[in-house]
Amino acid sequence: MVNILVDADGCPVVDLTIDVAKKFKMKVTLLCDTAHYMQREGADTIMVSKGADAVDFVLVNRVKKGDIVVTQDYGLAAMVLAKQGFAIDQNGRWYTSENIDQLLDSRHISKKIRQAGGRLKGPKKRQKEDNEKFEASFHKLCEHALQVGY
């Protein structure tokens, strides 16, 4: 059985994830810290103590081969891939062995720029099209995960 785990702190696609998961009869678990606690019908919630990467570590310890993780965190995505899970971001991009190294490198470079006092542009305001793109891509990922059938 494919489970879906959502790094729910600040995730804009929680409801869309639950809606798509229902179509596939997949269990959804939301993981969030005490500052972002949420409950949604159709999903279980695990609340984690506040702390740097606390949710990430609980999530990665729960993910199993073939599970799907929704996250915007490249580091968490890399750990999910190492456990043979699937990972997707809020914009519908699948994290893969082909793109994760480049994404981690760009995160490292951005961090160095910020540490040196530089500024980077933030993300664009989320549009309806972003949700549609996520939904279509997530639907395909659910189909793919079921076909692979770990």
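One structure accompanies this document, and this report is about it. (Residues numbered from 1 in each chain as written. Predicted model: local features only at pLDDT ≥ 70, side-chain atom pairs only at ≥ 80, totals over all residues. Heavy atoms only, no water.)

Let's talk about helix α1 (residues 14–24)
Here is the rule we go by: When accessible area is computed with a 1.4 Å probe and restricted to protein chains, residues below 20% of their type maximum are described as buried, those above 50% as exposed, and intermediate ones as partly exposed. Numbering of helices and strands runs from the N terminus, with a helix taken as a DSSP run of H or I at least four residues long and a strand as a DSSP run of E at least two residues long. Whether two residues touch is decided by their heavy atoms; if any such pair falls within 4.5 Å, the residues are in contact.
What α1 keeps buried is the set Val14, Leu16, Thr17, Ile18, Val20, Ala21 and Phe24. Taken together, the buried residues of α1 touch β1 (3–7), β2 (27–33), β4 (68–70) and α5 (128–148). Lys25, located one to two residues past α1, shows a positive phi value of around 55°.

Structural notes on the sheet that holds β2
Basically, it comes down to this: For two strands to pair, DSSP has to find at least two bridges joining them. Axis lines are fitted to C-alpha atoms, over the contacting stretch for helices. Their N-to-C directions set the angle, which ranges from 0 to 180 degrees.
Spatial ordering of the open sheet is given by β3-β2-β1-β4-β5-β6, a layout of 6 strands whose pairing is mixed. On the outer flanks of this sheet lie β3 (44–48) and β6 (94–95), each paired with one strand and no other. Each of β1, β4, β5 (86–88) and β6 is contacted by α5, which is oriented at about 180° to β5, the strand it contacts most.

Some details on the environment of Cys32
Within the secondary structure layout, Cys32 lies in strand β2. Given a relative accessible area of 0%, Cys32 falls into the buried group. Apart from the residues within four sequence positions on either side, Cys32 is in contact with Ala8, Asp9, Tyr37, Met38, Thr45, Ile46, Met47, Val48 and Val55.

What about the pattern of salt bridges?
For the record, the criterion: When a carboxyl oxygen of Asp or Glu lies within 4 Å of a side-chain nitrogen of Lys or Arg, that pair is called a salt bridge.
Within this structure, the stated rule accounts for 5 salt bridges. Two residues, Asp89 and Arg93, come together in a salt bridge whose shortest N-O distance is 3.1 Å. A relative accessible area of 34% means that Arg93 is categorised as partly exposed. Note that Lys128 and Glu132 form a salt bridge whose closest N and O atoms lie 4.0 Å from each other.

Points about the nonpolar core
To be explicit about the condition: In plain words, nonpolar cores are sets of buried Ala, Val, Leu, Ile, Met, Phe, Trp, Tyr and Cys residues tied together by side-chain atoms within 4.5 Å.
Counting 27 residues, the largest nonpolar core has Ile4, Val6, Ile68, Val70 and Phe138 as its most contacted members. Every element with two or more residues in this core is listed here: β1, α1, β2, β4, β5 and α5. Considering each element in turn, this core owes the most residues, 6 residues, to α1. Among residues more than four places away in sequence, those in contact with Ile4 are Thr17, Ala21, Met26, Lys27, Val28, Thr29, Ile68, Val70, Phe138 and Cys142. Counting 18 residues, the second largest nonpolar core, distinct from the first, contains Val55, Leu59, Tyr74 and Val80.

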